[in-house]
Amino acid sequence: MNLPKRMYDLSQPLYHNCPGWPGHALTVFNWEFQHANHQFNSERITMSVHTGTHIDAPYHFFADGKTIDQLPVDLFAGPLVVMDLRSVVQRDQGIGEAELRPHLSRVEKGDIVLLCTGDGLRRAFDDDYLHHYPYLSGLGAELLVEAGAKGVAIDSLSVGGFGTDEKSRPSHETLLRNGLFVLEELRVPEEILDGKKRFISAFPILLQGCGGSPARAVVYEFE
């Protein structure tokens, strides 16, 4: 059995009052039991399933779409192509053909594509991160579908833009309608921005009837 030479955690941490989608209730961590009184610790979490590093299922945007528990587990793991877009994207920019075209030849059928904008390193409660992040345009989503990707990940707050349906819906709808999963809010380490193809897994919690789920995104390097 070949074990990975190295593993990279791309997940954003969840914690009390951590950043989340504007308008969603803040994440709340409470103690249910504490060791000082009960000789063990147990915590309760109240949060949106779309907070932190998480996966969107089709049900998130389509009333008749599949929920997280209806998607096959092998969908959430596969070869990873990282597109380093840090030098070509700006705040509020929709990532489209001009940004993606130089990288599309590296995408093979069944790959998972990660769009690195650099935004994950700026995670915070500020206007830029919550309202003016780079996102994937509808045309950009169509190109990734045509390239054969089975999933699209991004390190900004969402794969869709903030503020209007024209920004937020096209990429989500195009990807989810075509059977791709969406992985949002990652933190991308510099070490995987070298153009090498690696392997990624991002398994959601098995939540019945939900349109999204927190996930732990891990990249594996075998050589």
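Everything discussed here concerns the structure shown above.
Thresholds, definitions, all that
Residues numbered from 1 in each chain as written. Predicted model: local features only at pLDDT ≥ 70, side-chain atom pairs only at ≥ 80, totals over all residues. Heavy atoms only, no water. 1 Å grid on protein atoms, 1.4 Å probe; cavity = no way out; pocket = protein on both sides within 12 Å on 5 of 7 lines; lining within 4 Å. Points joined across faces, edges and corners; volume = space filled by probe spheres on them. Helix = DSSP H or I, 4+ residues; strand = E, 2+ residues; numbered from the N terminus. Nonpolar A, V, L, I, M, F, W, Y, C, P; charged D, E, K, R; others polar. Phe/Tyr/Trp six-rings, centres within 6.5 Å; stacked < 30°, edge-to-face > 60°. Buried < 20%, exposed > 50% of the residue type's maximum accessible area, 1.4 Å probe, protein only. Disulfide = S-S within 2.5 Å. Patch = residues over 30% accessible without salt bridge, like charges linked within 9 Å, V, L, I, M, F, W, Y side chains within 5 Å. Areas by Shrake-Rupley, 256 points an atom, 1.4 Å probe, with all protein chains shown as cover. Salt bridge = Lys/Arg side-chain N within 4 Å of Asp/Glu carboxyl O. Axes fitted to C-alpha atoms, helices over the stretch in contact; angles between N-to-C directions. Parallel < 35°, antiparallel > 145°, perpendicular 65-115°, else oblique. Left-handed = near helix turned anticlockwise from the far one by under 90°. Contact = heavy atoms within 4.5 Å. Polar contact = N/O pair within 3.5 Å; in protein donor to acceptor, adjacent residues only side chain to side chain. Core = buried A, V, L, I, M, F, W, Y, C linked by side-chain atoms within 4.5 Å. Pairing = 2+ DSSP bridges.

**Considering the layout of surface pockets**
Piece 1. Volume-wise, the largest pocket comes out at about 190 Å³.
Piece 2. If you trace the largest pocket, you find 17 residues lining it, with Trp-21, His-60, Ser-158, His-172 and Glu-184 closest to the centre.
Piece 3. Those elements that place two or more of their residues in the lining of the largest pocket are strand E4 (54–56) and helix H5 (165–177).
Piece 4. Split into classes, the residues belonging to the lining of the largest pocket amount to 3 nonpolar, 11 polar and 3 charged.

**Description of the packing of aromatic side chains**
Piece 1. Inspection of the entire model under this criterion finds 5 aromatic pairs.
Piece 2. Ring geometry for Phe-76 versus Phe-181: centroids 5.3 Å apart, planes at 65°, classification edge-to-face. Of this pair, Phe-76 sits in the loop between E4 and strand E5 (77–84) while Phe-181 sits in strand E10 (residues 181–184), placing them 105 residues apart in sequence. Residues Phe-76 and Phe-181 agree in their burial class; the two are buried.

**Looking at the state of the cysteines**
Between two cysteines, a covalent bond joining their sulfur atoms is known as a disulfide.
Piece 1. In this structure the tally under the stated criterion is 0 disulfides.
Piece 2. The closest cysteine sulfur to the non-disulfide-bonded Cys-210 is located on Cys-18, 17 Å from its own sulfur.

**Thoughts on a nonpolar patch on the surface**
Piece 1. Together, Leu-14, Phe-29 and Ile-45 make up an exposed nonpolar region whose accessible area comes to about 220 Å².
Piece 2. One can find Ile-45 in strand E3 (residues 42–46).
Piece 3. Residue Ile-45 is classed as partly exposed on the basis of its relative accessible area, which comes to 46%.

**Describing the pattern of salt bridges**
Piece 1. Evaluated as defined, the whole model comprises 15 salt bridges.
Piece 2. A salt bridge links Glu-108 to Lys-197, with the shortest nitrogen-to-oxygen separation between them at 2.8 Å. Note that Glu-108 is positioned in the loop between helix H2 (97–100) and strand E7 (112–116) and Lys-197 in the loop between E10 and strand E11 (198–204), a separation of 89 residues in sequence.
Piece 3. Accessibility expressed as a relative area gives 37% for Lys-197, which makes it partly exposed.
Piece 4. The salt bridge involving Asp-111 is made with Lys-197; its shortest N-O contact spans 2.7 Å. Taken together, the residues span a long stretch of sequence, with Asp-111 in the loop between H2 and E7 and Lys-197 in the loop between E10 and E11 at a distance of 86 residues.

**Re unusual backbone geometry**
Piece 1. A positive phi angle, close to 60°, is found at Asn-17, a residue other than glycine.
Piece 2. Residue position: Asn-17 is located in the loop between strand E1 (6–9) and strand E2 (28–33).
Piece 3. Given a relative accessible area of 33%, Asn-17 falls into the partly exposed group.

**As for the packing of helix H4 (residues 138–147) against H5**
Piece 1. Two elements in contact, H4 and H5, have axes whose closest approach is 7 Å; the angle formed by their N-to-C orientations is 20°. Our classification of the angle between H4 and H5 gives roughly parallel. Crossing of H4 against H5: the hand is right-handed. For the pair H4 and H5, contact is made by Gly-138, Ala-141, Glu-142 and Val-145 and by Pro-170, Ser-171, Thr-174 and Leu-175, respectively.
Piece 2. Counted by class, the contact of H4 with H5 contains 4 nonpolar, 3 polar and 1 charged residues.

**A look at the side chain of Ser-48**
Piece 1. Of note, Ser-48 is situated in the loop between E3 and E4.
Piece 2. Within the structure, Ser-48 has its side chain in polar contact with the side chain of His-24 (distance 3.2 Å).

**Overview of the nonpolar core**
Piece 1. Of all hydrophobic cores here, the largest spans 25 residues; its most connected members are Leu-10, Ile-55, Leu-114, Leu-183 and Ile-192.
Piece 2. Apart from residues lying up to four places away in sequence, Leu-10 is in contact with Thr-53, Leu-114, Leu-186, Arg-187, Val-188, Pro-189, Ile-192, Ala-217 and Val-219.

**Digging into the environment of Thr-46**
Piece 1. Considering the arrangement of structural elements, one finds Thr-46 in strand E3.
Piece 2. Sequence separation between Thr-46 and Thr-27 is 19 residues, and the spatial gap between their C-alpha atoms is 5.8 Å.
Piece 3. Ignoring any residue separated from it by four or fewer positions in sequence, one finds Thr-46 in contact with Leu-26, Thr-27 and Val-28.

**A look at the pairing of E7**
Two faces, one strand: in a regular strand the side chains alternate between the faces of the sheet.
Piece 1. Of all the 5 residues making up E7, 5 are buried; the element is thus mostly covered by neighbouring parts of the structure.
Piece 2. Both faces of E7 are covered, namely the face carrying Ile-112, Leu-114 and Cys-116 and the face carrying Val-113 and Leu-115.
Piece 3. One ladder, built from 5 bridges, connects E5 with E7; its direction is parallel. When the sheet's bridge partners are listed, Leu-80 is paired in E7 with Ile-112.
Piece 4. Relative to strand E9 (residues 151–154), E7 runs parallel, the two being bridged by 4 bridges.

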